[in-house]
Amino acid sequence: MGVGMGTVFAVIIIFIVLVRGLMSLFPYKEEE
Amino acid sequence: MIDLLNTLIQGVASMTWKQGLMIVIGLVLIYLAIKKEYEPMLLLPIGFGAILTNIPFSAAVTEEGFLSILYNAGIRTELFPILIFIAVGAMIDFSPLLKQPVMLLFGAAAQFGIFAAMLLAAATGMFSLREAASIGIIGAADGPTSIYVASRFAQEYFGPISVAAYSYMSLVPIIQPPVIKALTTKKERMIRMDADFDVKVSKKVLILFPILVTLIAGLIAPVSVGLVGSLMFGNLIRECGVLERLSKTAQNELTNLVTLLLGITIGSTMVANKFIAWDTILILGIGLLAFVFDTAGGVLFAKFLNLFLKKKVNPMIGAAGISAFPMSARIVQRMAQKEDPTNFILMQAIGANVSGQIGSIIAGGVLLALLA
């Protein structure tokens, strides 16, 4: 159970970093 | 003449009590679908499929019967769940999640029920670890993921697992509120959450997100590519902006067609001799507990976070981290407004709920990878 939940959390944390990175790299611009 | 009569009453004479009971169960599912409107798109075909299968000497489930053909073509090959994932992907708007990525944590925490239920199923000694994982995945509150995992790991229990997954999804409004209430105080349920809803997501982010998630998940667990990839493919069709026709087809025609075939095929797995057994009752019981554990896991994780946060989160948000979208978010909002009619936490709950959809396929992928 620990391994399973640990892996899920690890992947999710990677996704959080990914989203934060994407949001700062490509901010919304008005012309969109 | 007597031979002819014998042939005509052969069906009635051969009916066992188990087949009779399964037909009654099929009728109950149809009743719930029509009268109570509990997931009618699924429960009605499932109920009718169960009736077709349990008619003695039914031609629908012989080797050349249409239900057998559908089962072999759509379930055994994993085609139906994959098509459903494409359709679901085309329907998901990830913006609420991209605006508040921290909500992804709740999508992870609320998968606790899957692993807890898996452990429980394995502890009974009646199921192998792979079968236990397929039972635990009922807690994903995500029908296609349950079907996908069960079709790989527990063909024998495919019927009860898929029926439990879809039935409990329709019962989320009944299962979640008492668990949330038992684990939170009135004061906690009244917590307000500020959110910057003005944040806008650029088109580039919306397009890159499904591609990068597929790549990352695929590189970590290649076995999950079918699950994650099809969902993200559907989402890419939606967000790319140049495939509107395909996006609409995936959201409407594809969803409707596959749901129709999937439901009746699931119903066809409800064969009396296999279904009316202690195993089934156990699977239904553990599946229900998986939903309870999921809800509890999400709420308790939010409470745990509150120990460290200056700006507290409403712990009910944690319960929305399951995949039942948008039902779970609506329940949380309704419960928050019941305590304080001016409290709006729907956007945060939607963010957690969308995260739950990602969390459930990741959990499914993790199980596939760990037990492959």
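Since the structure is predicted, the reported quantities are computational estimates derived from the model, not experimental observations. (Residues numbered from 1 in each chain as written. Chains lettered and ligands numbered in written order. Predicted model: local features only at pLDDT ≥ 70, side-chain atom pairs only at ≥ 80, totals over all residues.)

### Side note on the overall build of chain B
For step 1, the next point in the chain: Within chain B, the regular secondary structure consists of 21 helices and 0 strands.
For step 2, the next point in the chain: Scaling as 2.2 N^0.38, a compact globule of 372 residues should have a C-alpha radius of gyration of about 21 Å, and chain B matches this with 22 Å.
For step 3, the next point in the chain: The dimensions of chain B, computed from C-alpha atoms along their principal axes, are 85 × 45 × 40 Å.
For step 4, the next point in the chain: Looking at chain B as a whole, 54% of its 372 residues qualify as buried.
For step 5, the next point in the chain: The contacts of chain B with a sequence gap of at least 6 include a subset with a gap of at least 24, amounting to 74%. (Helix = DSSP H or I, 4+ residues; strand = E, 2+ residues; numbered from the N terminus. Rg over C-alpha atoms; globule rule 2.2 N^0.38 Å. Buried ≥ 20, exposed ≤ 12 C-beta atoms within 10 Å, placed from the backbone. Contact = placed C-beta atoms within 7 Å.)

### Considerations on the interface of chain A and chain B
How big an interface is tends to be reported as the loss of accessible area on association of its parts.
For step 1, the next point in the chain: Each partner contributes to the interface: chain A provides 22 residues, whereas chain B provides 31 residues.
For step 2, the next point in the chain: Looking at the side of chain A that touches chain B, its residues break down into 17 nonpolar, 2 polar and 3 charged. (Nonpolar A, V, L, I, M, F, W, Y, C, P; charged D, E, K, R; others polar.)

### Focus: unusual backbone geometry
All names here are of chain B.
For step 1, the next point in the chain: For the peptide bond that leads from Phe325 to Pro326, omega is -5 degrees, which places it in the cis range.
For step 2, the next point in the chain: The topology assignment puts Pro326 in the loop between helix H19 (316–319) and helix H20 (327–339).
For step 3, the next point in the chain: Unlike most non-glycine residues, Glu39 shows phi in positive territory, near 40 degrees.
For step 4, the next point in the chain: Structurally, Glu39 is set in the loop between helix H2 (17–34) and helix H3 (40–54).
For step 5, the next point in the chain: Since 21 C-beta atoms lie within 10 Å of it, Glu39 is described here as buried.
For step 6, the next point in the chain: Positive phi is not limited to glycine here, since Phe57 has a value of about 60 degrees.
For step 7, the next point in the chain: Considering the arrangement of structural elements, one finds Phe57 in the loop between H3 and helix H4 (66–75).
For step 8, the next point in the chain: Take Phe57: there are 9 C-beta atoms within 10 Å of it, and that puts it in the exposed class.

### Quick look at helix H11 (residues 158–170) of chain B
Residue and element names in this part refer to chain B.
For step 1, the next point in the chain: Here H11 spans 19 Å end to end across 13 residues, near enough to the 18 Å set by a 1.5 Å rise per residue.
For step 2, the next point in the chain: With 12 of its 13 residues buried, H11 lies for the most part within the structure.
For step 3, the next point in the chain: When we look at burial in H11, the residues that qualify are Phe158, Gly159, Pro160, Ile161, Ser162, Val163, Ala164, Ala165, Tyr166, Ser167, Tyr168 and Met169. (Expected span 1.5 Å × (residues − 1).)

### Points about the confidence of the model for chain B
For step 1, the next point in the chain: When pLDDT is averaged along chain B, the result is 91, and 99% of the positions lie at 70 or above.
For step 2, the next point in the chain: Confidence metrics for the complex model read pTM 0.87 and ipTM 0.91. (pLDDT = per-residue confidence, 0-100.)

### Some points on the environment of Ile51 of chain B
Residue and element names in this part refer to chain B.
For step 1, the next point in the chain: Summarising the element assignment, Ile51 is placed in helix H3.
For step 2, the next point in the chain: Note on Ile51: 21 C-beta atoms within 10 Å, which makes it buried.
For step 3, the next point in the chain: In this structure, the C-alpha to C-alpha distance between Ile51 and Val24, residues 27 residues apart in sequence, is 8.1 Å.
For step 4, the next point in the chain: In this structure Ile51 touches Ile23 and Gly26, once residues within four positions along its chain are discounted.

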